[in-house]
Amino acid sequence: MKSNFFLLIKLIFMCLILFLFFDAISVLLSSLIIYLKRGFFPFSWERVFTSFFTSGYVGGLILGIGLWIKIWLQERKNKKSSSE
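Throughout what follows, the structure given in this document is the object of discussion.

## Observations regarding the overall build of the protein
Then, in step 1: What the protein contains, in helices and strands, is 2 helices and 0 strands.
Then, in step 2: For 84 residues, the compact-globule formula gives about 12 Å, and the C-alpha radius of gyration of the protein, at 19 Å, lies well above that figure.
Then, in step 3: Across the 84 residues in the protein, those meeting the buried criterion constitute 18%.
Then, in step 4: Within the protein, residue pairs in contact and separated by at least 24 positions form 68% of the contacts whose partners lie at least 6 positions apart.
Then, in step 5: For the protein, the separation between the mean place of its 10 positive charges and that of its 4 negative charges on side chains is 3 Å.

## Here we look at the packing of aromatic side chains
Then, in step 1: Counting across every chain of the model gives 8 aromatic pairs.
Then, in step 2: With 6.4 Å between their ring centres and 25° between their planes, Phe49 and Phe53 make a pair best called stacked. Taken as a pair, Phe49 and Phe53 lie in helix 2 (residues 45-83) at a separation of 4 residues, close to a single helical turn.
Then, in step 3: Judged by relative accessible area, which is 55%, Phe53 ranks as exposed.

## A closer look at helix 2
Then, in step 1: Its maximal kink placed at Phe53, helix 2 deviates by approximately 55°.
Then, in step 2: Buried within helix 2 are the following residues: Val48, Phe52, Gly56, Gly59, Gly60 and Gly64.

## Points about the side chain of Ser31
Then, in step 1: Topologically, Ser31 is positioned in helix 1 (residues 2-38).
Then, in step 2: When its relative accessible area of 0% is taken as the criterion, Ser31 is described as buried.
Then, in step 3: One polar contact links the side chain of Ser31 to the main-chain carbonyl oxygen of Val27, over a distance of 2.9 Å.
Then, in step 4: Once you skip the residues sitting within four places of it in the chain, Ser31 turns out to touch Phe40, Phe41, Pro42, Phe43 and Arg47.

## Details of the side chain of Asn4
Then, in step 1: For Asn4, the position within the fold is in helix 1.
Then, in step 2: For Asn4, a relative accessible area of 19% corresponds to the buried category.
Then, in step 3: In this view, Asn4 contacts Trp68, Trp72 and Glu75; residues no more than four positions away in its chain are not counted.

Reading the values: the criteria
- Residues numbered from 1 in each chain as written.
- Predicted model: local features only at pLDDT ≥ 70, side-chain atom pairs only at ≥ 80, totals over all residues.
- Heavy atoms only, no water.
- Helix = DSSP H or I, 4+ residues; strand = E, 2+ residues; numbered from the N terminus.
- Rg over C-alpha atoms; globule rule 2.2 N^0.38 Å.
- Buried < 20%, exposed > 50% of the residue type's maximum accessible area, 1.4 Å probe, protein only.
- Contact = heavy atoms within 4.5 Å.
- Lys, Arg positive; Asp, Glu negative; His and termini not counted.
- Charge placed at Lys NZ, Arg CZ, Asp CG, Glu CD.
- Phe/Tyr/Trp six-rings, centres within 6.5 Å; stacked < 30°, edge-to-face > 60°.
- Bend = angle between axes of the 7 residues up to and from the residue.
- Polar contact = N/O pair within 3.5 Å; in protein donor to acceptor, adjacent residues only side chain to side chain.

Quick look at the structure:
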């Protein structure tokens, strides 16, 4: 049970980092498009973290918990099939 809890925490943390990374990429790409159209580059880390704390963390939490549930169900299925 203890390893399952640490796996859950690890998966959530990794998914949060993944969503933060993709938030940074999206803000960078939108800033690049604005630079090409208007001539100034409005990238700021504040916008990245604002986007992440507005909605990105929810996706990371849901993805992490979903992956953990999938792993847990797969382990149950494997134990059930090996005991038969």
